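Here's the letter readout for the chains.
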Amino acid sequence: MWAPGLCVARSAIYRSGGTRKKFSPRLLGIKGPRGRSGVTAAATTGLQRRLLATNTTTTASPPSTSASPTTTTSATIPEPPSPKQNPPPNRKPLYIRIPLFLVLSAAFFTLGFTMSAFPALQTASDYLDPPSDAETMTMFTPDNDLHQEIESYILSHPLILSLSSNPSYIASRPHLKIPATMRAQNLTGGTLLGDDKIAVPPLQFSTRDGSTFTSIQYLGSQLCGHPGIVHGGLLATLLDEGLARCCFPALPNKVGVTASLNINYRKPVMAGQYVVLRAETTRVEGRKAWVRGWLETLPGHGEWVDESKGEGQELVNGEKEKAKGVVLVEAEALFIEPRQAATMARVYSTS
């Protein structure tokens, strides 16, 4: 039988909401009537007081954050309310979503392809529809004082004024027919143009039948083979292009390629001067054309003479004579029109 005081103590612990723990008489040192020793009423009363004091201290102290594995609490934590579940979206049928996806994909692909291919399309359009000869005469604008000085000197020279007033000639700047995006890949139309090189695009005059040709250009100091002397390979390149443009109008499709080119160098060409390229077509047979030409110096304003009128300009010493340019390089060439010339772009030919 349990002692009365121990029962009262256990009841107090349960009523106070304290820690629930199973007490054993053996744990408390109390034995029943049948044990070898018993407990007195005073001991039971003292034990009751100690248990009640321990229960009161435990109830007044704040709850500990760390709980014993065997400790349980009577309070229950309410579960948070479950979030409100939205109903599934009203998706369109598959037979509508698939065509819509294909249409949007095609639209974005077309837009991206057009934006990336626009420069190439613009270049192709410029090749297929190049500017006219007259339009090329207004396409160059000098961008510095040196270019402005050279351009003014060329346009005001009596030779240029004489050729411009002759209805037999067509004036143009053929290098400007090359699309702007492709000029950097062209030797004479982009690479060799610029300060201290071919300062301004060459100005040319050609006859409608391809019989004669004249062009003028300024050669700078960065075109030399030896210091102060223009490279002979550059002079051959200028003659190759000039003689080709001379005979182009005489060919069936107005375009050709070089079959042979012979060069004779007469005098050194000094850098920093103007030179005149003259050419004439000597014979044409079907798709073949033979041309001869030469480079010569450009006489100054007071030294030049209009040979077509047979009148000389008055020189510094007061005398009159027919001053002519000094021949520097001579050349002969054969040009052949390709069989597929009908499908080639007319970038260099006259319109």
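Residues numbered from 1 in each chain as written. Predicted model: local features only at pLDDT ≥ 70, side-chain atom pairs only at ≥ 80, totals over all residues. Heavy atoms only, no water.

Q: Sorry, what's going on with the overall build of the protein chain here?
A: Looking only at helices and strands, one finds nine helices and 11 strands in the protein chain. Within the span of the protein chain, comprising 351 residues, buried residues form 33% of the whole. Considering only contacts within the protein chain whose residues lie at least 6 apart along the sequence, 74% involve residues at least 24 apart. (Helix = DSSP H or I, 4+ residues; strand = E, 2+ residues; numbered from the N terminus. Buried < 20%, exposed > 50% of the residue type's maximum accessible area, 1.4 Å probe, protein only. Contact = heavy atoms within 4.5 Å.)

Q: Any chance you could explain empty space enclosed by the protein here in plain terms?
A: Which parts of space are left empty comes out when a probe the size of a water molecule is rolled across the atoms. Taken as a whole, this structure holds one cavity of 30 Å³ or more when the rule is applied. Estimated volume of the largest cavity: approximately 90 Å³. What lines the largest cavity is a set of 13 residues, among which His-175, Pro-202, Ser-215, Gln-217 and Arg-245 lie closest to the centre. A per-element tally of the lining of the largest cavity places helix H9 (residues 232-247) first, with four residues. Considering only residue class, the lining of the largest cavity consists of five nonpolar, six polar and two charged. (1 Å grid on protein atoms, 1.4 Å probe; cavity = no way out; pocket = protein on both sides within 12 Å on 5 of 7 lines; lining within 4 Å. Points joined across faces, edges and corners; volume = space filled by probe spheres on them. Nonpolar A, V, L, I, M, F, W, Y, C, P; charged D, E, K, R; others polar.)

Q: Where do I start with the pairing of strand E3 (residues 212-219) in this structure?
A: Look at any regular strand and the pattern is simple: side chains alternate between the two faces of the sheet. E3 sits mainly inside the fold: seven of its eight residues count as buried. Both strand E2 (residues 203-207) and E3 contribute to a ladder of four bridges, which runs antiparallel. Looking at the pairing, Gln-204 lines up with Ser-215 of E3. If you look at the hairpin formed by E2 and E3, you'll find four residues sitting between the two strands, and Gly-210 has a positive phi there, around 75°. Alignment of E3 against strand E7 (residues 273-285), held across eight bridges, turns out to be antiparallel. Note on E7: the bridge partner recorded for Thr-214 is Arg-278. (Pairing = 2+ DSSP bridges.)

Q: Explanation requested: H9 in the structure shown.
A: Because an α-helix packs 3.6 residues into every turn, residues spaced three or four apart end up facing the same way. For H9, which comprises 16 residues, the first-to-last C-alpha distance of 23 Å matches the rise-based estimate of 22 Å (1.5 Å per residue) to within 8%. Taken as a whole, H9 has its buried residues at Leu-234, Leu-235, Ala-236, Leu-238, Leu-239, Gly-242, Leu-243, Ala-244, Arg-245, Cys-246 and Cys-247. (Expected span 1.5 Å × (residues − 1).)

Q: I keep staring at the environment of Arg-278 and nothing clicks. Help me out?
A: Examined against the element boundaries, Arg-278 turns out to sit in strand E7. Since its relative accessible area comes to 23%, Arg-278 is described here as partly exposed. In this structure, the C-alpha to C-alpha distance between Arg-278 and Gly-293, residues 15 residues apart in sequence, is 5.5 Å. For Arg-278, the contacting residues outside a window of four places in its chain are Leu-159, Phe-213, Thr-214, Arg-292, Gly-293, Trp-294 and Glu-296. For Arg-278, the side chain forms a polar contact with the side chain of Glu-296, separated by 2.7 Å. (Polar contact = N/O pair within 3.5 Å; in protein donor to acceptor, adjacent residues only side chain to side chain.)

Q: Help me understand a nonpolar patch on the surface in this model?
A: Taken together, the side chains of Leu-94, Ile-98, Phe-101 and Leu-102 make up a nonpolar region of the molecular surface, amounting to roughly 430 Å² of accessible area. Residue Phe-101 is classed as exposed on the basis of its relative accessible area, which comes to 56%. (Patch = residues over 30% accessible without salt bridge, like charges linked within 9 Å, V, L, I, M, F, W, Y side chains within 5 Å. Areas by Shrake-Rupley, 256 points an atom, 1.4 Å probe, with all protein chains shown as cover. Salt bridge = Lys/Arg side-chain N within 4 Å of Asp/Glu carboxyl O.)

Q: Whenever I open this one, the sheet that holds E3 confuses me. Can you help?
A: Strands belonging to one sheet form pairs held by backbone hydrogen bonds; the direction of such a pair is parallel or antiparallel. Taken together, the seven strands give an open sheet; going across it, the order is E1-E2-E3-E7-E8-E11-E6, and neighbouring strands pair in antiparallel fashion. Where the open sheet ends on each side, the last strands, each with one partner, are strand E1 (169-172) and strand E6 (257-265). The mean inter-strand angle of the sheet, taken between neighbouring strand axes irrespective of direction, is 20°. Strand direction decides the pairing type here: strand E8 (residues 288-297) and strand E11 (residues 327-336), joined by nine bridges, are antiparallel. Looking at the pairing, Arg-292 lines up with Glu-332 of E11. Across the face of the sheet, helix H6 (residues 145-156) comes into contact with E2, E3 and E7 while running at roughly 50° to E7. (Axes fitted to C-alpha atoms, helices over the stretch in contact; angles between N-to-C directions.)

Q: Explain the pattern of salt bridges to me, please; I cannot follow it from the model alone.
A: Opposite charge on two side chains lets them pair, provided their charged atoms get close. A complete count under the given rule lists seven salt bridges for this structure. The salt bridge involving Arg-245 is made with Glu-241; its shortest N-O contact spans 3.3 Å. One end of the pair, Arg-245, and the other, Glu-241, are both in helix H9, four residues apart, so they sit about a helical turn from each other. For Arg-245, a relative accessible area of 8% puts it in the buried group. With a shortest N-O distance of 2.9 Å, Glu-330 and Arg-266 are connected by a salt bridge. One end of the pair, Glu-330, is in strand E11; the other, Arg-266, is in the loop between E6 and E7, with 64 residues separating them in the sequence. According to the relative accessible area criterion, Glu-330 is partly exposed, its value standing at 27%.

Q: Looking at this structure, how should I read the nonpolar core?
A: One recurring pattern in soluble globular proteins: nonpolar side chains tend to sit buried together. Counting 29 residues, the largest nonpolar core has Leu-219, Leu-243, Val-269 and Leu-277 as the members making the most contacts within it. Elements with a minimum of two residues in this core: E3, H9, E7, E8 and E11. In this view, Leu-243 contacts Leu-277, Ala-279, Val-291, Arg-292, Gly-293, Ala-331, Glu-332, Ala-333 and Phe-335; residues no more than four positions away in its chain are not counted. Ile-150, Leu-163, Val-276 and Leu-298 belong to the second-largest nonpolar core, a separate cluster that totals 16 residues. (Core = buried A, V, L, I, M, F, W, Y, C linked by side-chain atoms within 4.5 Å.)

Q: For this particular structure, what's the right way to read the environment of Val-257?
A: Looking at where Val-257 falls in the secondary structure, it is placed in strand E6. Overall, the relative accessible area of 44% leaves Val-257 in the partly exposed class. Along the chain, Val-257 and Leu-334 lie 77 residues apart, while their C-alpha atoms are 8.6 Å from each other.

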